[in-house]
Amino acid sequence: MGLRGAAMEPFIKLFGDLLVFVYHCFDRIVIHGYLSGLSRPEQVVHFFRRIVGVPVISKEVLSQRTTDYQKWVEAFARNHNIPIEWAEKGVRKENYVQPWLRKMVGKNAYGVYFVFKSMEQGPSFRVTVPKFLTKDPNHRILARQKSRFTHDYFYIRDEVLGPLVMRVATFFPFQTTYYLNGHSFIEQELNRANIAFRKNDNAFLAVDSVEALQAAADKLSPAIIRERLDYWTFILGPKFSDKERKKINLSRLYSISQIEYCRNFIFKRHFPIHKIFERSCELGLWRLTANKISEIFGQRLHRKISGKLATVIDQIEHGHHVYRAYFKHAFLKQYEKFSTFLRNELCSNNLKDFALKKSLDNLQAVREKFQTITDRFAGFQAQWLNVHVDFPLLQRIALPITIGSVRHPGIKIHETRVIRLMEVLLHGGPHVGGWTAKEIHEAVLTTFGLSEKRYRLNPLRYDLRKLKGHGLLERDGTHYAYRLTTKGVEVALLFLFFHKRLCGPLANSRFHHRPDPQRRPDSRLEAAYHRADAAIQKVVDLLAAA
């Protein structure tokens with residue numbers, strides 16, 4: 001089944017019989033490469049004046065380096081019979097180059113197979129003449145800026161990392177960006193080990209050895225990545241003479257700009273995985289409140305938090321829905337495909353959100369941190385999905401309870417007021433510090449279209465005390481604000497599922513009335529619902545009499 005963390009055990013226990021295997025790995029990784037000896041203005045001045053021997057640095061001097069490199073790229077593409085084109089607006093580059101990649105795979109060849117040119121913004125230097133005369137007549141002011149110039153995209157099939165993309169900025173300081181994927185690295189490792197597998201849409205759907213698959217995923221390291229990036233940067237990057245290389249440090253520092261870590265659950269093909277995903281989305285929008293999101297990400301929640309803190313469902317271009325939970329500049333997403341695999345994926349655009357350094361050398365720390373978060377997310381989902389009708393619990397909670405000298409009445413599953421209250425409390429996402437009684441009262445009236453005469457504030461306080469007495473509700477410290485406890489969440493989900501999934505198709509979702517036994521449409525489905533409703537009523541009567 002693959003390696004897993006303790007937090008994910010409930011998910012495996014719940015769906016273990018339906019799973020083929022589970023694996024986790026890095027997915028998309030975006031890395032920036034910086035020339036350590038030419039990143040600052042003073043370094044560029046030293047390079048041209050002391051090493052190259054150019055006394056006056058001008059825009060033309062910098063542009064000449066760009067022109068020389070662009071000519072080299074065109075000659076390289078021409079000599080190796082590699083297509084080189086300008087990227088067109090609205091055309092997805094990865095899809096456009098697929099025919100050339102398939103040819104490389106068919107020939108089992110490695111190297112560059114396509115070059116795209118694109119006008120994009122990037123870091124560069126601005127040269128200005130000093131406003132006032134200086135002792136050095138050749139003195140010029142260099143300052144960093146963002147400008148629009150040509151970037152070259154090299155599409156490469158590497159024998160270690162698999163397909164990758166290297167983007168080179170053609171203007172000083174020649175910043176490079178690399179786009180690689182952990183699944184491609186795993187594929188190369190399994191091919192070298194002669195282990196059969198089936199891969200589709202960036203996911204492994206079958207493999208002879210799950211242990212070998214996970215071992216290959218864990219093998220990806222900073223040393224392996226750096227060795228391949230250095231190789232391709234030397235081959236395809238801007239050119240410097242031997243003299244220049246000896247006198248200045250032209251090695252590159254690599255930092256992680258964007259990184260994704262995924263946990264993949266491969267189900268049996270006949271299992272309706274789409275239903276699990278639908279239920280996860282419904283419960284996630286209900287239950288993934290601000291406090292729960294911060295708990296999953298392992299971060300402390302405070303009022304001055306930057307970035308997003310929300311849950312949404314997006315529909316991406318190929319028609320599939322993606323559930324996202326945002327925290328700062330990162331987000332957890334979940335989606336399913338082919339009715340076969342379910343993926344939980346954590347994406348970060350700024351590792352500072354996790355108190356991690358962005359250097360490539362910290363890749364292992366990123367792996368461990370992201371494994372813990374995706375484990376925790378799967379564990380929470382299993383807790384929400386694992387809702388069964390626990391009749392002893394219903395029987396116990398229906399009995400009155402005495403705490404000290406206060407006697408709290410029991411909670412019956414057929415009480416409309418309690419069902420409404422639980423439904424509102426489960427939708428407590430915006431209320432980070434809990435709900436006050438007035439806020440709950442307004443939410444109940446608004447949600448169910450009730451007048452204040454039908455449900456006054458005093459009966460609400462009575463219901464809140466009853467829930468608190470049974471341990472389903474807790475106060476937020478010393479404040480008169482309330483939130484559901486862990487037990488309260490389980491009981492609320494149980495109560496709501498009992499009504500919504502069995503009574504809901506007949507009664508409306510607000511539980512105003514039971515289905516009319518005299519009005520039965522001529523439908524086998526309606527007849528089955530009525531029989532289920534009658535069975536539930538028997539259970540309710542037994543609990544009421546207990």
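Quick notes on the rules
- Residues numbered from 1 in each chain as written.
- Predicted model: local features only at pLDDT ≥ 70, side-chain atom pairs only at ≥ 80, totals over all residues.
- Heavy atoms only, no water.
- Helix = DSSP H or I, 4+ residues; strand = E, 2+ residues; numbered from the N terminus.
- Buried < 20%, exposed > 50% of the residue type's maximum accessible area, 1.4 Å probe, protein only.
- Contact = heavy atoms within 4.5 Å.
- Areas by Shrake-Rupley, 256 points an atom, 1.4 Å probe, with all protein chains shown as cover.
- Salt bridge = Lys/Arg side-chain N within 4 Å of Asp/Glu carboxyl O.
- Pairing = 2+ DSSP bridges.
- Axes fitted to C-alpha atoms, helices over the stretch in contact; angles between N-to-C directions.
- Parallel < 35°, antiparallel > 145°, perpendicular 65-115°, else oblique.
- Left-handed = near helix turned anticlockwise from the far one by under 90°.
- Phe/Tyr/Trp six-rings, centres within 6.5 Å; stacked < 30°, edge-to-face > 60°.
- Lys NZ or Arg CZ within 6 Å of the ring centre and 35° of its normal.
- Polar contact = N/O pair within 3.5 Å; in protein donor to acceptor, adjacent residues only side chain to side chain.
- Disulfide = S-S within 2.5 Å.

Draft legend 1. Focus on the overall build of the protein. When its secondary structure is counted, the protein shows 18 helices and 18 strands. Counting across all 546 residues of the protein, residues that qualify as buried make up 49%. Contacts in the protein between residues far apart in sequence, at least 24 positions, make up 67% of those at least 6 positions apart. Roughly 27,600 Å² of accessible area belongs to the protein as shown, and the carbon and sulfur atoms make up 51% of that amount.

Draft legend 2. Expanded view of the pattern of salt bridges. Taken as a whole, this structure holds 15 salt bridges when the rule is applied. We note a salt bridge from glutamate 42 to arginine 40, for which the minimum N-O separation is 3.0 Å. A network of salt bridges, in which partner residues are shared, links Asp158, Glu227 and Arg228.

Draft legend 3. Just helix α11 (residues 290-297), in detail. Counting buried positions over the eight residues of α11 gives six, a clear majority of the element. Of the positions making up α11, those classed as buried are Ala290, Lys292, Ile293, Ser294, Ile296 and Phe297. Glycine 298 lies just past α11 and shows a positive phi near 70°.

Draft legend 4. The sheet that holds strand β16 (residues 435-436), seen in detail. Reading across from one edge, β16-β18-β17 is the order of the three strands in this open sheet, with antiparallel pairing throughout. Across the chains shown, the open sheet's two edge strands, defined by having one partner strand only, are β16 and β17 (473-475). Note: β17 against strand β18 (residues 481-484), three bridges, orientation antiparallel. When the sheet's bridge partners are listed, glutamate 474 is paired in β18 with arginine 483. Docked against the sheet, helix α16 (residues 457-469) engages β17 and β18, running at close to 100° with respect to β17.

Draft legend 5. Seen up close, the pairing of strand β12 (residues 330-337). Of all eight residues in β12, eight are buried, a share of seventy percent or more. Going residue by residue along β12, you find Ala330, Leu332, Gln334 and Glu336 tucked away on one face and Phe331, Lys333, Tyr335 and Lys337 tucked away on the opposite face as well. Two strands pair when backbone bridges link them, and strand β11 (residues 321-328) and β12 are joined in this way by five bridges, in the antiparallel orientation. Residue pairing in the sheet places tyrosine 326 in a bridge with phenylalanine 331 of β12. What sits between β11 and β12 in their antiparallel hairpin is a turn of one residue. Two strands pair when backbone bridges link them, and β12 and strand β13 (residues 341-348) are joined in this way by eight bridges, in the antiparallel orientation. Within the sheet, the bridge partner assigned to glutamate 336 lies in β13 and is leucine 342.

Draft legend 6. Highlighting the packing of helix α6 (residues 182-192) against helix α7 (residues 210-219). Between α6 and α7, the least distance of the axes is 9 Å, while the angle of their chain directions is 125°. Judged by the angle between their axes, α6 and α7 are oblique. The way α6 lies across α7 gives a crossing that is right-handed. Together, Phe185, Ile186, Glu189 and Leu190 of α6 and Ala212, Leu213, Ala216, Ala217 and Lys219 of α7 make up the contact between the two elements.

Draft legend 7. Here's a closer look at unusual backbone geometry. In this chain, phenylalanine 172 is followed by proline 173 through a cis amide linkage whose omega measures 10°. On the secondary structure map, proline 173 appears in the loop between β5 (162-169) and β6 (176-181). Here the phi dihedral of asparagine 81 falls at roughly 55°; this positive angle occurs in a residue that is not glycine. Position of asparagine 81 relative to the elements: it lies in the loop between α3 (59-79) and β2 (84-86).

Draft legend 8. Summary view of the pairing of strand β4 (residues 141-158). In terms of strand pairing, strand β3 (residues 111-128) meets β4 through 17 bridges, oriented antiparallel. Pairing of glycine 122 across the sheet is with serine 147, part of β4. Pairing between β4 and β5: eight bridges, direction antiparallel. Across the sheet, residue tyrosine 153 finds its bridge partner in β5, namely arginine 167. Between the antiparallel neighbours β4 and β5 lie three residues.

Draft legend 9. Expanded view of the packing of aromatic side chains. Scanning all chains against the criterion turns up 28 aromatic pairs. Ring geometry for phenylalanine 172 against phenylalanine 174: centres 4.8 Å apart, planes inclined by 45°, an arrangement best described as tilted. Each member of the aromatic cluster is reached from another via a ring pair, and the members are Phe47, Phe48, Tyr69, Trp72, Phe76, Phe172, Phe174 and Phe240. When the ring centre of tryptophan 86 is taken as reference, the NZ or CZ atom of lysine 117 above it lies at 5.9 Å.

Draft legend 10. How the structure looks around the side chain of asparagine 344. Its place among the elements puts asparagine 344 in strand β13. For asparagine 344, a relative accessible area of 0% gives the class buried. Among the polar contacts made by the side chain of asparagine 344, one reaches the side chain of glutamine 334 at a distance of 2.7 Å. If near-sequence neighbours (up to four positions away) are discounted, asparagine 344 is found in contact with Tyr261, Cys262, Arg263, Phe265, Lys333, Gln334, Phe377, Ala378 and Gln381.

Draft legend 11. Up close: the state of the cysteines. Applying the stated criterion across every chain yields a total of zero disulfides. Cysteine 25 takes part in no disulfide bond, and the closest cysteine sulfur, belonging to cysteine 262, lies 3.8 Å away. By relative accessible area, cysteine 25 is classed as buried at 2%.

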